[in-house]
Amino acid sequence: MRPLIYAANWKMHLPPAEARGFAQAFLSAAPPVPGRTLWFFPSAVSLEATAQACKGRQDVRVGAQDVHWEPKGAFTGATSVPLAKGAGAVGALVGHSERRHVFGETDQETGQKVQAILQSGLTAMLCVGEKLAEREANQTEAVCIRQLRAGLAGVAGEAWGRVLIAYEPVWAIGTGKNATPADAAAVHGAIRLELARLGAPERIPVLYGGSVNKGNVRALIGEPEIDGVLVGGASLDPAGWAEIVASGLL
Ligand code: PEP
């Protein structure tokens, strides 16, 4: 199997006991596979339970859905990188479209978050993607490039090895509509060109996200430009998620 990454974004679901139960049920249904890496992004309160349940599985990583760029301070409700790390996170999502478009996170803030994550030795999964109106105005690549430049400003040296990108067109998230594999692959190609321009010394994994499910995952990962998937809704059922992560083996 070629190296593939399957990432589950649990959003505001699965409290600690359910997250633990999910991880236990899922892991026994999905033994490790060479080349395949699995990520869980539970809510902050379920990070520790999920990380504990996944302990000992070298193929599984647990990350935060969001972090603040400051290491500590008076930021009520926020989770810093050291807090997430202390709960067992080895990475974090940054710039998910719900952070950008529901909570108003700016491009510059995503860059500060990526820096905080990388400086703490963790992995950053930077999400980029265009809104429907931007797609219709042929702005898809320009938006992704702008978000990449801001999000990855100042990344250098070995830290590139801890950067992952998720291309998630906003109009495809939670809507049941998804980019065709060929459309997604074309944007991934543009993202890869920009990563090279930004100085990434090696192949950075670029995942696709947006209404991925059992029915479409094989066609998506069949595109060589697509290195894995970031999945919300369809990652919330252990048996269904186990089927999705088996897609690269079929
Ligand atoms: C997401 O939350 O990153 C996502 C892609 O959600 P969904 O799979 O539900 O579209």
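Procedures and definitions
- Residues numbered from 1 in each chain as written.
- Predicted model: local features only at pLDDT ≥ 70, side-chain atom pairs only at ≥ 80, totals over all residues.
- Heavy atoms only, no water.
- Near = heavy atom within 4 Å.
- Polar contact = N/O pair within 3.5 Å; in protein donor to acceptor, adjacent residues only side chain to side chain.
- Areas by Shrake-Rupley, 256 points an atom, 1.4 Å probe, with all protein chains shown as cover.
- Disulfide = S-S within 2.5 Å.
- Buried < 20%, exposed > 50% of the residue type's maximum accessible area, 1.4 Å probe, protein only.
- Axes fitted to C-alpha atoms, helices over the stretch in contact; angles between N-to-C directions.
- Helix = DSSP H or I, 4+ residues; strand = E, 2+ residues; numbered from the N terminus.
- Parallel < 35°, antiparallel > 145°, perpendicular 65-115°, else oblique.
- Contact = heavy atoms within 4.5 Å.
- Nonpolar A, V, L, I, M, F, W, Y, C, P; charged D, E, K, R; others polar.
- Phe/Tyr/Trp six-rings, centres within 6.5 Å; stacked < 30°, edge-to-face > 60°.
- Lys NZ or Arg CZ within 6 Å of the ring centre and 35° of its normal.
- Pairing = 2+ DSSP bridges.
- Right-handed = clockwise from strand over helix to strand, strands pointing away.

> Quick question: what am I supposed to make of the site of the ligand here?
Near the ligand, the surroundings consist of 14 residues, among which Lys11, Glu168, Gly174, Ser211 and Gly232 are the closest. In the model, an oxygen atom of the ligand is placed 3.1 Å from a nitrogen or oxygen of the Asn9 side chain. In this structure, an oxygen atom belonging to the ligand sits 2.6 Å away from a main-chain N or O atom of Gly174. Protein chains bury 96% of the 290 Å² of accessible surface belonging to the ligand in isolation.

> I tried to follow the state of the cysteines on my own but got confused; where do I start?
By definition, a disulfide links the sulfur atoms of two cysteines through a covalent bond. For the structure on display, the rule yields 0 disulfides. Unpaired in this structure, Cys144 has its nearest cysteine sulfur neighbour in Cys127, at a distance of 11 Å. Classification of Cys144 by relative accessible area gives buried; the value is 1%.

> Would you mind going over the packing of helix H5 (residues 107-119) against helix H7 (residues 140-151) with me for this structure?
Helix-helix packing is described using two parameters, namely the angle between the two axes and the distance between the axes. Interaxial distance between H5 and H7 falls to 7 Å at its minimum, and their mutual angle equals 45°. What the angle tells us is that H5 and H7 run oblique. Judged by residue contacts, Asp107, Thr110, Gly111 and Val114 of H5 engage Arg146, Gln147, Ala150 and Gly151 from H7. Of the residues assigned to the contact of H5 with H7, the class counts are 2 nonpolar, 4 polar and 2 charged.

> Before we go on, may I ask you to explain the packing of aromatic side chains in this structure?
Any aromatic ring pair is given by two values, namely how distant the centres are and how the planes are angled relative to each other. Summed over the entire model, instances satisfying the criterion amount to 7 aromatic pairs. Aromatic ring contacts, followed pair by pair, group Trp10, Phe22, Phe26 and Phe40 into a single cluster. Of note, Arg99 hangs over the ring of Phe103, and the distance from its end group to the ring centre comes to 4.0 Å.

> Hey, could you run me through the pairing of strand S2 (residues 36-41) in this one?
The side chains of a regular strand alternate between both faces of the sheet. Counting buried residues in S2 gives 6 out of 6 residues, a clear majority hidden from the surface. On S2, burial covers both faces: Arg36, Leu38 and Phe40 on one face and Thr37, Trp39 and Phe41 on the other are all buried. Relative to S2, strand S1 (residues 4-9) runs parallel, the two sharing 6 bridges. Residue pairing in the sheet places Asn9 in a bridge with Phe41 of S2. Of the crossover connections in this fold, the one passing from S1 over helix H1 (residues 16-29) to the parallel S2 is right-handed. Inspection of the sheet shows S2 paired to strand S3 (residues 60-64) by 3 bridges, in the parallel sense. Bridging from a neighbouring strand, Trp39 pairs with Arg61 of S3. Chirality of the crossover, the property in question, places the unit of S2, helix H2 (residues 47-54) and S3 among those that are right-handed.

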